[in-house]
Amino acid sequence: MIRRVGEHGLLVETGALEISHRLDALLRDRAPEGVVEVVPGPETVLVVAPGANQDRLRTALGSLLAGARDAAAEPGGGPEGAAVVTVPVVYDGADLDAVAELAGLTAEEVVARHTGRELVVGWLGFAPGFAYLIGLDPDLHVPRLDTPRTSVPAGSVAVAGPYSAVYPSASPGGWRLLGHTSLRVWDTGAVPPSLFRPGTRVRFERA
Amino acid sequence: MIEVLVPGPYATVQDLGRRGLAHLGVPGSGAADAESLRLANRLVGNPEGAAGIEVTFGGARLAFRSGAWVAVTGAPCPLAAVPRAGTGVPFWVPAGGELRLGTPAWGLRSYLAVRGGVAVEPVLGSRSTDSLSGLGPEPLRAGTLLPVGDTGELPPIHVDQAPPPGRRAGVLRVLPGPRDDWFAPGALEVLCGRPYMVSQDSNRVGVRLHGPELVRAREGELPSEGMVTGAVQVPPSGQPIVFLADHPPTGGYPVIAVVLTADLPVAAQLRPGDPVRFTTRPHP
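Being a predicted model, the structure only gives us computed values, none of them experimental.

Residues and elements named next belong to chain B. With respect to topology, 5 strands assemble into an open sheet ordered S2-S3-S9-S5-S7, the strand pairing being antiparallel. With one partner strand each, in any of the chains shown, strand S2 (10-14) and strand S7 (91-93) form the two edges of the open sheet. This sheet shows a mean twist of 30° between the axes of neighbouring strands, independent of strand direction. In this sheet, S7 lies alongside strand S5 (residues 68-74) in antiparallel orientation, the contact comprising 3 bridges. Note on S7: the bridge partner recorded for Val-70 is Phe-91. Packed on one face of the sheet, helix H1 (residues 34-43) meets S2, strand S3 (52-56), S5 and strand S9 (109-114) and runs near 150° to S5.

If you want it as structure tokens, here you go:
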């Protein structure tokens, strides 16, 4: 279903993150005329196109969505084309022991589980460059802090619920800190400014 | 160079914002009442997207170290200390002159354009202060120095007056959706029934409203999805928020309707305590 969002927006319901990413990639590859924003979410892609003929755009989005679904259904249709970013982490976070206790693991086992899987950027939000990384080991699904910290340093590597993240810049935050990375995931002087974009595959490794 | 002597309650540099980066978590930002910034720029011969100063509820004092053509639009505030100064007209501020913006008669946000534009360093293609993420220049404070851009290549000023904007009724036209089906039957009629009142918590992120509660029909959380300016988002309290320029690029509360682009300047000029009505009808 494609829903109307005001005069200039259309919200495509993909129903699945992988299809959102495929549709996003198709739209960036050959953007229909007039499109200024494409915002993938876990089950949707928002397309904002002030200059476009909405009926024509709706038709185009319908066929692109069908293409994204077909590609996802193909055998081996994983995100093999997507970029992979390796994030070196010093596991010295203030909450490492607390996460271990919540998970019933040792700190070493927490590190092993955090580095043991490839994650993927679901979407970005909360702050510029803040990527919600999906695919975290279920043992590391821990609740957020009851009281968020007023300041979390840039580069902090954290977990909360089913997600992991790297804080792109210093900000308040309630996620549990496992460590930090010297990799700059966000740089307003770079093009693009974010190392992460929806669909980027991410692997953490011990620095 | 313009020196900020007093910024008033809140003042920032704004242009037309950052486009095409919402998928990286970057809000659009830009002038809350973009129509007024565009007009101010036209009056001084700037491109419409040049950076100007967005002054919230007047109260600002600016010292001009060099002479400049200036125009003030948006919420009409009394202007003092500069001969021929007035809203909706280009006027010359001499070197050493001080321009004072008083409290607006109505509305909330006034826009000052200076010929050449405010030439602070752009961040991600824009000179706008984003109050949500902190991108762009710091909000103005006493002592902030604002460079003025080159005027050499600009066309001559050939408009001497814009029609006074006039106060527009606090009516916001909306298109239903995208998530009106998350609400109890009749919720749109509730939204468009009795007026809402603008809350003190309103800012550049959104206009928070108090009024008839919008009741949800569905339990559970909506997965995070892209949001547009003008979205009428409804948190669990049932009290709607109209998203303005600095709204988050994605959100998790259902959007019952979206304000028409032409009425975003009306939303941006609402003051705390003002009444506002929604309607799904086109202009009367």
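Residues and elements named next belong to chain B. Ser-36, Leu-37, Ala-40, Asn-41 and Leu-43 are the residues of H1 that are buried. All buried residues of H1 lie within an arc of 160° about the axis, which places them on one face of the element. Buried residues in H1 make contact with S2, S3, S5 and S9. With its phi angle positive at about 80°, Gly-45 sits one or two positions after the end of H1.

Another point: the sheet that holds strand S13 (residues 201-206) of chain A. Residues and elements named next belong to chain A. Spatially, S5-S13-S6-S7-S10-S9-S12 is the arrangement adopted by the 7 strands of the open sheet, whose pairing is mixed. The open sheet terminates on both sides in strands that have one partner only, identified here as strand S5 (84-89) and strand S12 (176-180). Taken over all neighbouring pairs, the strand axes of this sheet differ in orientation by 35° on average, direction set aside. Looking at chain direction, strand S7 (residues 131-134) and strand S10 (residues 163-166) are connected through 2 bridges and run antiparallel. Bridged to Leu-133 within S10 is Ser-164. Packing of helix H3 (residues 96-103) onto the sheet brings it into contact with strand S9 (156-160) and S12, and relative to S12 it is tilted by some 125°.

With that out of the way, let us pick up the side chain of Arg-109 of chain B. All names here are of chain B. Mapped onto the elements of the fold, Arg-109 is located in strand S9. At a separation of 2.7 Å, a polar atom in the side chain of Arg-109 contacts the main-chain carbonyl oxygen of Ala-268. In this structure, Arg-109 is in contact with Ala-32, Glu-54, Val-55, Thr-56, Thr-73, Gly-74, Ala-75, Asn-203, Arg-204, Leu-244, Ala-268 and Gln-269, ignoring residues within four places of it in sequence.

What follows covers H3 of chain A. Residues and elements named next belong to chain A. For H3, every residue scored as buried is listed here: Leu-96, Val-99 and Ala-100. Taken around the axis of H3, the buried residues stretch over an arc of 100°, which confines them to a single face. Residues of H3 that are exposed and angled more than 90 degrees away from the buried face: Asp-97 and Glu-101. Residues of H3 that are buried sit in contact with helix H4 (107-115), S9 and S12. Positive phi appears at Gly-104, one or two residues downstream of H3, with a value of about 70°.

Residue and element names in this part refer to chain A. Along the chain, Val-89 turns up in strand S5. Relative accessible area serves as the criterion here: at 0%, Val-89 is assigned to the buried category. Expressed as a C-alpha distance, the spacing of Val-89 and Trp-186, which sit 97 residues apart in the sequence, is 16 Å. With residues up to four places along the chain from it excluded, the contact list for Val-89 reads Val-157, Gly-179, His-180, Phe-204, Glu-205, Arg-206 and Ala-207.

Size of an interface: often given as the accessible area lost when the parts come together. Residue-level contacts link 33 residues of chain A with 32 residues of chain B. Both sides of the chain A and chain B interface together cover about 2,400 Å² of buried area, and 64% of this is carbon and sulfur. On the surface where chain A and chain B come into contact, there are 2 salt bridges. The partner of Arg-179 of chain B in a salt bridge is Glu-13 of chain A, and the shortest N-O contact between them spans 2.9 Å. Taken together, chain A and chain B are joined by 10 residue pairs in polar contact (both at pLDDT 80 or more). The element that contributes the greatest number of residues to the side of chain A that touches chain B is strand S3 (residues 37-40) of chain A, accounting for 4 residues. Considered class by class, the residues forming the side of chain A that touches chain B number 17 nonpolar, 8 polar and 8 charged.

This part takes up the pairing of strand S6 (residues 119-124) of chain A. Across a regular strand the side chains alternate sides, sitting on one face of the sheet and then on the other. Residue and element names in this part refer to chain A. For S6, the buried fraction is high: 5 of the 6 residues fall into the buried class. Relative to S13, S6 runs antiparallel, the two sharing 2 bridges. Residue Leu-119 lies in a different strand from S13, and its bridge partner there is Val-202. Following S6, the chain reverses through 6 residues before pairing antiparallel with S7; Phe-126 in that reversal takes a positive phi of roughly 70°.

Residue and element names in this part refer to chain A. Under the domain assignment used here, chain A contains domain 1 (2-73) and domain 2 (84-206). Between domain 1 and domain 2, the C-alpha centre-to-centre distance is 29 Å. Across the boundary between the two partners, domain 1 contributes 6 residues, which contact 8 residues of domain 2. For the pair domain 1 and domain 2, the two sides together bury roughly 490 Å², of which 67% comes from carbon and sulfur. Along the contact surface separating domain 1 from domain 2 lie 1 salt bridge. A salt bridge links Asp-24 to Arg-197; its shortest N-O distance comes to 2.7 Å. Our enumeration of links across domain 1 and domain 2 arrives at 4 residue pairs in polar contact (both at pLDDT 80 or more). Ranked by residue count, the leading element in the side of domain 1 that touches domain 2 is helix H1 (residues 17-29), at 4 residues. A breakdown of the residues in the side of domain 1 that touches domain 2 according to their chemical character gives 3 nonpolar, 1 polar and 2 charged.

The rules we used
Residues numbered from 1 in each chain as written. Chains lettered and ligands numbered in written order. Predicted model: local features only at pLDDT ≥ 70, side-chain atom pairs only at ≥ 80, totals over all residues. Heavy atoms only, no water. Pairing = 2+ DSSP bridges. Helix = DSSP H or I, 4+ residues; strand = E, 2+ residues; numbered from the N terminus. Axes fitted to C-alpha atoms, helices over the stretch in contact; angles between N-to-C directions. Contact = heavy atoms within 4.5 Å. Buried < 20%, exposed > 50% of the residue type's maximum accessible area, 1.4 Å probe, protein only. Arc of directions from axis to C-beta. Polar contact = N/O pair within 3.5 Å; in protein donor to acceptor, adjacent residues only side chain to side chain. Buried area = accessible area lost by both parts, 1.4 Å probe. Salt bridge = Lys/Arg side-chain N within 4 Å of Asp/Glu carboxyl O. Nonpolar A, V, L, I, M, F, W, Y, C, P; charged D, E, K, R; others polar. Domains from an automatic or database assignment.

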